[in-house]
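Observations on the three-dimensional arrangement
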Amino acid sequence: MKKILVIDDDLAMTDLLKLLLRPTGSEVRVANDGKTGIDLVKKYSPQIIILDLMMPEMDGWQICKEIRTFSNTPILILSALDNPGLVAAALDAGADDYLIKPVTSSALIAHMNNLLRRANLEKQQLV
């Protein structure tokens, strides 16, 4: 079972992602603000994090940088922001992939599976 953490301030989006991802046999936890999301990364140890960029108080770039200080968990940015400079900034902040909303569930799952495959290969190579 995959452990997925979704960090997004939009309750409708987190509910939708839970509905889309649970049938894949995943355990999905959600956080609707950055501080809660960072705490859940530490407590829950997800295998992948889906992160929105535009959030109040602490934005996705700040959250990503903070998570990278203690975790190498793959981070997939899922944002409505379609700007090459912002995509580059998110990747520079430590994100592993970037998808623009709206995205089909099949594309989202394919990108997640790709990140998980890469993370598992890296773990195997470290052994």
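Look up a bit, the structure's there.
Calculation rules
Residues numbered from 1 in each chain as written. Predicted model: local features only at pLDDT ≥ 70, side-chain atom pairs only at ≥ 80, totals over all residues. Heavy atoms only, no water. Helix = DSSP H or I, 4+ residues; strand = E, 2+ residues; numbered from the N terminus. Rg over C-alpha atoms; globule rule 2.2 N^0.38 Å. Contact = heavy atoms within 4.5 Å. Areas by Shrake-Rupley, 256 points an atom, 1.4 Å probe, with all protein chains shown as cover. Lys, Arg positive; Asp, Glu negative; His and termini not counted. Charge placed at Lys NZ, Arg CZ, Asp CG, Glu CD. Polar contact = N/O pair within 3.5 Å; in protein donor to acceptor, adjacent residues only side chain to side chain. Phe/Tyr/Trp six-rings, centres within 6.5 Å; stacked < 30°, edge-to-face > 60°. Lys NZ or Arg CZ within 6 Å of the ring centre and 35° of its normal. Core = buried A, V, L, I, M, F, W, Y, C linked by side-chain atoms within 4.5 Å. Buried < 20%, exposed > 50% of the residue type's maximum accessible area, 1.4 Å probe, protein only. Axes fitted to C-alpha atoms, helices over the stretch in contact; angles between N-to-C directions. Parallel < 35°, antiparallel > 145°, perpendicular 65-115°, else oblique. Left-handed = near helix turned anticlockwise from the far one by under 90°. Nonpolar A, V, L, I, M, F, W, Y, C, P; charged D, E, K, R; others polar.

This brings us to the overall build of the chain. For the chain, the count of helices and strands is five helices and five strands. Order of helices (α) and strands (β) in the chain, N terminus to C terminus: β-α-β-α-β-α-β-α-β-α. In terms of C-alpha radius of gyration, the chain reaches 13 Å, essentially the compact-globule figure of 14 Å for 127 residues. Here the contacts in the chain between residues at least 6 apart in sequence split such that 61% fall between residues at least 24 apart. For the chain, the accessible area works out to roughly 6,900 Å², and carbon and sulfur atoms hold 54% of it. Side-chain charges in the chain split into 14 positive and 16 negative, and the spacing between the mean points of these groups amounts to 9 Å.

Turning our attention to the side chain of K101. Along the chain, K101 falls in the loop between β5 (97-100) and α5 (105-126). In this structure the side chain of K101 is engaged in a polar contact, spanning 3.1 Å, whose partner is the side chain of D8.

Mapped onto the fold, T73 is located in the loop between α3 (60-68) and β4 (75-79). In terms of polar contacts, T73 uses its side chain to reach the side chain of S71, at 2.8 Å.

Our next topic: the packing of aromatic side chains. Enumeration over the complete set of coordinates arrives at zero aromatic pairs. The ring of Y44 carries the charged tip of K3 above its face, separated from the ring centre by 5.0 Å. Here K42 stacks its cationic end above the ring of F70, 5.0 Å away from the centre of that ring.

Ranked by internal contacts, the top residues of the largest apolar core, which has 21 residues, are I7, I49, L51, I67, I75 and I77. Taken together, the elements giving at least two residues each to this core come down to β1 (3-7), α2 (34-44), β3 (48-51), α3 and β4. Among residues more than four places away in sequence, those in contact with L51 are I7, G60, I63, C64, I75, L76, I77 and L78. Ranked by size, the runner-up nonpolar core spans 15 residues in total, among them I4, V28, L99 and L115.

At a minimum axis distance of 10 Å, the contact between α2 and α3 shows a crossing angle of 25°. In terms of orientation, α2 and α3 fall into the roughly parallel class. Read as a crossing pair, α2 and α3 show a hand that is right-handed. Residues G34, I38 and V41 of α2 pack against I63, E66 and I67 of α3. Looking at the contact of α2 with α3 residue by residue, the class counts come to four nonpolar, one polar and one charged.

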